[in-house]
Amino acid sequence: MDTGCPRLPDTVLFEIFLYLDHADVLSVGLVCQQWRAVARDEFLWKELFYRYYRVSRDVPRHPGAVSWYDEFQRLYDTIPCVEVQALKEHNDQVLHLSFSHSGCLFASCSKDCTVKIWSNELDISLQHSSNMRPYNWSYTQFSQFNSDDSLLLVSGVFVGPHNSSSGEIAVISMENFTLLSRVRNKPYDVFGCWLNETNLISGNLHRIGRITSCSVLWLNNAFQGIESENVNVVKRLFKIQNLNASTIRTVMVADCSRYDSPDLLLDYEEQLAASSTCPVFDLGSDSEEEEAKPKPPLDPAVQELPDAGGVPTEHGLQQLFDDIMEGRVRPAMTDTELETKVAELFVHSRTKPPEPNQLPTDSNSKTKYLIFTTGCLTYSPHQIGIKRILPHQMTTAGPVLGEERRSDEFFDSLDHVIDIHGHIIGMGLSPDHRYLYVNSRAWPRDCVISDPMQPPPIAEEIDLHVFDLKTMKEVKRALRAHRAYTPNEECFFIFLDVSRDFVASGAEDRHGYIWDRHYNICLAKLQHDNVVNSVAFSPVEQELLLTASDDTTIKVWRSPRAVRIQQARRSRPRKLLFSWLMNQKS
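Values in this document were obtained by computation on a predicted structure and should not be read as measured data. The written sequence of each chain sets the order in which its residues are numbered from 1. Totals for whole chains, interfaces and linings use all residues, but because this is a predicted model, local features are given only for residues with pLDDT of at least 70 and pairs of side-chain atoms are given and counted only at 80 or more. Side-chain metrics in this entry use all non-hydrogen atoms of the structure; hydrogen atoms and water are not considered.

Q: Describe the overall build of the protein, with residues and values.
A: In terms of helices and strands, the protein carries ten helices and 31 strands. Going through the 586 residues of the protein one by one, you find that 51% of them count as buried. A separation threshold of at least 6 residues defines the contact pool for the protein, and within that pool the share at least 24 residues apart is 60%. Throughout, the Shrake-Rupley method with a 1.4 Å probe supplies accessible areas, and for residues the shown protein chains are the sole cover considered. Surface accessibility of the protein: about 28,200 Å² in total, with carbon and sulfur atoms responsible for 52%. Where helices and strands are cited, they refer to DSSP runs of H or I of at least four residues and of E of at least two residues respectively, numbered from the N terminus. When a residue's accessible area, from a 1.4 Å probe over protein chains only, is under 20% of the maximum for its type it is buried; when over 50% it is exposed; and in between it is partly exposed. Two residues form a contact once any of their heavy atoms are found within 4.5 Å.

Q: Now, about the UniProt feature "repeat: WD" (unreviewed entry) in the protein: what can you tell me, with residues and values included?
A: UniProt positions are given in the numbering used here, feature names are shortened, and annotations may be inferred rather than shown by experiment. UniProt tags residues 87-119 and 525-557 as "repeat: WD" (unreviewed entry). For residues 87-119, the helix share is 0%, the strand share is 58%, and the end-to-end C-alpha distance is 12 Å. Secondary structure across residues 525-557 divides into 0% helix and 70% strand, with the first and last C-alpha atoms of the span separated by 11 Å.

Q: Run through helix α4 (residues 42-53), naming residues and quoting values.
A: What sets the pattern is the α-helix's 3.6 residues per turn: residues three or four places apart point alike. Expected span, for any helix, means 1.5 Å times one less than how many residues it has. Across its twelve residues, α4 extends 16 Å between first and last C-alpha, which sits within 8% of the 16 Å expected from 1.5 Å per residue. Listed as buried for α4 are L44, W45, E47, L48, F49, Y50 and Y53. Phi turns positive, to about 55°, at R54, one or two residues after α4.

Q: Break down helix α5 (residues 68-77) for me, with residues and values.
A: Where burial is concerned, most of α5 is hidden: seven out of the ten residues are buried. Listed as buried for α5 are W68, Y69, E71, F72, R74, L75 and D77.

Q: Outline the state of the cysteines, listing residues and values.
A: Chemically, a disulfide is nothing more than a covalent bond linking the sulfur atoms of two cysteines. Criterion for a disulfide: a pair of cysteine sulfur atoms within 2.5 Å. Overall, the coordinates contain zero disulfides when judged by the stated rule. Considering cysteine sulfurs only, C113 is the nearest to C109, which forms no disulfide, with 9.9 Å between them.

Q: Describe the packing of α4 against α5, listing the residues and the values that go with them.
A: Fitting a line to C-alpha atoms yields each axis, with helices limited to the stretch in contact; the angle taken between N-to-C directions then spans 0 to 180 degrees. Interaxial distance between α4 and α5 falls to 8 Å at its minimum, and their mutual angle equals 35°. Each of E42, W45, K46, L48, F49, Y50, Y52 and Y53 in α4 lies in contact with α5, whose residues at this interface are W68, Y69, E71, F72, L75 and Y76. When residues are grouped by polarity, Ala, Val, Leu, Ile, Met, Phe, Trp, Tyr, Cys and Pro land in nonpolar, Asp, Glu, Lys and Arg in charged, and all others, Gly among them, in polar. Of the residues assigned to the contact of α4 with α5, the class counts are eleven nonpolar, no polar and three charged.

Q: Go over the sheet that holds strand β8 (residues 165-173), please, and point to the residues and values.
A: The sheet built from four strands is open, its strands ordered β6-β7-β8-β9 with antiparallel pairing. This sheet does not close on itself; its edge strands, each paired only once, are β6 (137-145) and β9 (179-185). Taking the axes of each pair of neighbouring strands and ignoring which way they run, one obtains an average angle of 25° across the sheet. Here a strand pair is declared whenever DSSP counts at least two bridges between the two strands. Relative to β8, strand β7 (residues 151-159) runs antiparallel, the two being bridged by nine bridges. Among the inter-strand pairings, L153 is bridged to a residue of β8, identified as V171.

Q: I'd like to hear about the pairing of strand β30 (residues 541-549), residue by residue, with values.
A: Judged by how many residues are buried, β30 sits mostly within the fold: eight of nine residues are covered. Sheet topology note: the strand β29 (residues 532-538)/β30 ladder contains six bridges and is antiparallel. Its bridge partner being in β30, V535 is matched across the sheet by T547. Where β30 and strand β31 (residues 554-558) come together, five bridges link them in antiparallel fashion.

Q: Kindly report on the nonpolar core, identifying the contributing residues and their values.
A: Residues enter a nonpolar core if they are buried and are Ala, Val, Leu, Ile, Met, Phe, Trp, Tyr or Cys, with the set joined through side-chain atoms within 4.5 Å. If you look at the biggest cluster of nonpolar residues, it comprises 18 residues, and the most contacted ones within it are I371, I384, L436 and L469. If you list the elements that add at least two residues to this core, you get β14 (249-255), β17 (368-374), β18 (383-389), β21 (422-429) and β22 (435-442). For this core, the leading source of residues is β21, giving three residues. Apart from the residues within four sequence positions on either side, L469 is in contact with A254, Y259, Y369, I371, I386, L429, H433, R434 and L436.

Structure, rendered in structure tokens:
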């Protein structure tokens, strides 16, 4: 059939297509006979793909793609970038969104102090709303469904005596929306998380000095009010010392059982020959050569501390005090420096060493990682701590204070530490828990922190890092596009989410963003009228994305393909009714 399209050489057509929007490219493909003839030309589509999306030619085609044409169409047709609904039932800033594992429900938390449960059908509708103000909450900030979607964990800010603020976790039954239990959570931005179907993790903070503290992570049974008379409902998991005003925050659990069979393997840029056995990774340096340079000798006041097998704590402290009294420490230490020095000396010989062989080797391993933000230089979170949870630790059975400890094992050590060299403002796991995505705002290069209460200024650009939790290495280059503007002391968490093929994040620039995980390219900007605090993909349909904003709305985004399918579903009953009416008339 002649479509009336002019006959042009393929090379000329190709150059034209390079400058067309891909929506136009695909529309041309529907009407132009000549375009149909070249549409399956792999060489043309490969060139078009690399040029249009500006992808490095070192990046291979997505492992699940069958052709470059299909891959180009996937990145056009399956991105959830079409707004289909705006939910306005909240009357204050919406802070967080979370889907149930089945994808049938999702929850939203807000500054209006409610947690709302929504039904995810053809049209999303409100199913239930719980007001937490009767429990002295200021607002709700985070939620998470347990593995079988029978319980909902809700985290919020609790107002205590004399208007002091702390955190609290509530557990709500999804059967009848009743409140089952409440658990204190300090600081409130620990948030809390599920370890398994019936046990959740909370935090507590104990001050030791002005800038030194101890974080205790607790395992809690969700049914405390029912079972507390017969069995233990809480158990201490870990006790970790915090230096320089840092604290543990933002806890999450990664399941290691699928590390050998991830949904998407991000390995094309890995340099396996350059593997390192060091468990601490510093993103502040530019190269391995810089890491290998010998470090200059330290001032006597900040000498590296002896390890656990070196000088005993008592001798080290005595030596420190003798040096101070006899004037051998120059310049003179401030109270803050002295407190940090003493705390470091104490923790070196009062910390339980990490368990050997921390990397999971068995694909059927029941090992889980507890992941959280922490620090060692200042109060702003700039490190990711990783602690292995062993199978016998995953129940509240046994002593409330956990396993017996020797007198020299007062604190637990971290198994791995990742140094981000910047302020961490968001974390999210891939669906298979193999990869950890981290939003951060970088510190200036070569900055020196002399006062833990005054962290360095942070960049407006947000870096999105990716870490492989099987190898404990950073993979790919950091993604950039989104921005934030608040300073350190006002910086807040921006939640991100990861699907099989995409990663999405909020930002302070009034947009949500979507990137392709394989190609490391930004695919879409989703507009709001204020800060976008949280995003959430449907776990069963990555072409559905939710965004939550300070503009009090939740927006629902679907892909162009999903919109066409949805419109077809809506129009089908009308056609059936019309056919029935015509049959009745005849």
